[in-house]
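# Fold and geometry: a report
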Amino acid sequence: MSELTSVEEKSKVEEEPLTVPAYGYELLREILIPDLLGRDTPDLLYWAGKRIARMFPLENIEDARSFFAKAGWGTLEIAKQTKNEIEYTITSPLIEKRLKEKGKCSFQLEAGYLAQQHEHSKQVIAEAFEDPKRRNKKIMITVRWDSKDPA
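Here's what I pulled together on the structure shown here. This structure is a prediction, so every number in the text was calculated from the model and none was measured. (Residues numbered from 1 in each chain as written. Predicted model: local features only at pLDDT ≥ 70, side-chain atom pairs only at ≥ 80, totals over all residues. Heavy atoms only, no water.)

## Quick look at helix H2 (residues 22-37)
Using the following cut-off: Each helix is a run of DSSP H or I of at least 4 residues and each strand a run of E of at least 2, with the numbering of both proceeding from the N terminus. Expected helix span is taken as 1.5 Å per residue step, with the number of steps being one fewer than the number of residues. Bend, at a single residue, is the angle you get between axes fitted to the 7 residues ending at that residue and the 7 residues starting at it. Exposure is judged per residue with a 1.4 Å probe applied to protein chains only, and the accessible area is read against the type maximum: over 50% gives exposed, under 20% gives buried, and values in between give partly exposed. Two residues form a contact once any of their heavy atoms are found within 4.5 Å.
For H2, with 16 residues, the first-to-last C-alpha span of 21 Å sits near the 22 Å given by 1.5 Å per residue. Helix geometry: H2 is bent most strongly at leucine 28, by close to 30 degrees. Residues Glu26, Arg29 and Glu30 constitute the buried set of H2. Structurally, H2 contributes buried residues whose contacts are with helix H5 (93-101) and helix H6 (108-122).

Set out below in structure tokens:
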């Protein structure tokens, strides 16, 4: 696998985004990737999300909202926050469609990304858990960390 580490390569990826039809995105995300990775898909997507976050670290965690929009992952909002936990909601027409039509769909890529961004910003180990809310047509992702567990 090639490394996207140079400033030039990262800036190419971050240039003005092109729109991609949802059909192409879904072919990759819901058909090809699970076919290639099999039952390990959720775990590997979680670690892939963490890898993406390491490649594109944010200045502050509030910038995650714009990253989600730019990546086409949906609208990211903070639902609830405590000392060692933050709960996010993610919504979009595509998420709504996935929740309605798919028996089981994974949002581990997004969860891994958020966990790693919190590790980076707080300098502690963080974990994230997804909880699809089919009735409310949104995804809840909870990120937890222990302030006494440095990264």
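## Focus on the nonpolar core
Test applied: Among the buried residues, those of types Ala, Val, Leu, Ile, Met, Phe, Trp, Tyr and Cys that are joined through side-chain atoms within 4.5 Å form a nonpolar core.
Core analysis: the biggest nonpolar cluster contains 31 residues, and Tyr113, Leu114, Ile141 and Val143 have the highest contact counts within it. When contributions to this core are tallied by element, the ones reaching two or more residues are helix H3 (41-55), helix H4 (64-71), strand S2 (85-91), H5, H6, strand S3 (124-133) and strand S4 (138-150). The element that contributes the greatest number of residues to this core is H6, accounting for 5 residues. Not counting residues up to four positions away in its chain, the partners in contact with isoleucine 141 are Ile86, Glu87, Tyr88, Ile90, Phe107, Glu110, Ala111, Leu114, Ala128, Phe129 and Glu130.

## Points about the side chain of serine 92
Relative to the helices and strands, serine 92 is located in the loop between S2 and H5. Judged by relative accessible area, which is 18%, serine 92 ranks as buried.

## Considerations on H5
What counts is decided by this rule: Starting at the helix axis, one direction is taken to each C-beta atom, and the arc is that of these directions.
For H5, the set of buried residues is Ile95, Arg98 and Leu99. All buried residues of H5 project into a common sector of 95 degrees when viewed along the axis, lining one side. Opposite its buried face, H5 presents the exposed residues Pro93, Lys100 and Glu101, each directed more than 90 degrees away.

## Structural notes on unusual backbone geometry
Of note, the phi angle at glutamine 123 is positive, near 60 degrees, even though the residue is not glycine. One can find glutamine 123 in the loop between H6 and S3. According to the relative accessible area criterion, glutamine 123 is partly exposed, its value standing at 48%. Within the chain, lysine 137 stands out as a residue other than glycine whose phi angle is a positive 60 degrees. Structurally, the position occupied by lysine 137 is in the loop between S3 and S4.

## Describing a nonpolar patch on the surface
To keep it simple, the criterion reads: Exposure above 30% relative accessible area and the absence of a salt bridge qualify a residue for a patch, where like charges join within 9 Å and nonpolar side chains (Val, Leu, Ile, Met, Phe, Trp, Tyr) within 5 Å. Residue exposure ignores everything except the shown protein chains as possible cover, and the areas themselves are Shrake-Rupley values with a 1.4 Å probe. Each salt bridge in this description consists of a side-chain nitrogen of Lys or Arg and a carboxyl oxygen of Asp or Glu lying within 4 Å of one another.
Together, Leu28, Leu32, Leu36, Leu37 and Leu44 line one region of the surface with nonpolar side chains, adding up to about 440 Å² of accessible area. Per-element tally for the nonpolar patch: the top contributor is H2, with 4 residues. Inspection of the secondary structure puts leucine 37 in helix H2. Residue leucine 37 is classed as partly exposed on the basis of its relative accessible area, which comes to 31%.

## Examining the sheet that holds strand S1 (residues 75-82)
Which entries qualify depends on this criterion: What makes two strands pair is DSSP finding at least two bridges between them. To get an axis, a line is fitted to the C-alpha atoms, and for a helix only the part in contact is used. The angle between two axes follows their N-to-C directions and goes from 0 to 180 degrees.
With antiparallel pairing, 4 strands are arranged side by side in an open sheet as S1-S2-S4-S3. Strands with a single pairing partner mark the edges of an open sheet, and in this sheet they are S1 and S3. Here the strands of the sheet are splayed against their neighbours by 20 degrees on average, with no regard to which way each runs. Strand direction decides the pairing type here: S1 and S2, joined by 7 bridges, are antiparallel. Across the sheet, residue threonine 75 finds its bridge partner in S2, namely threonine 91.

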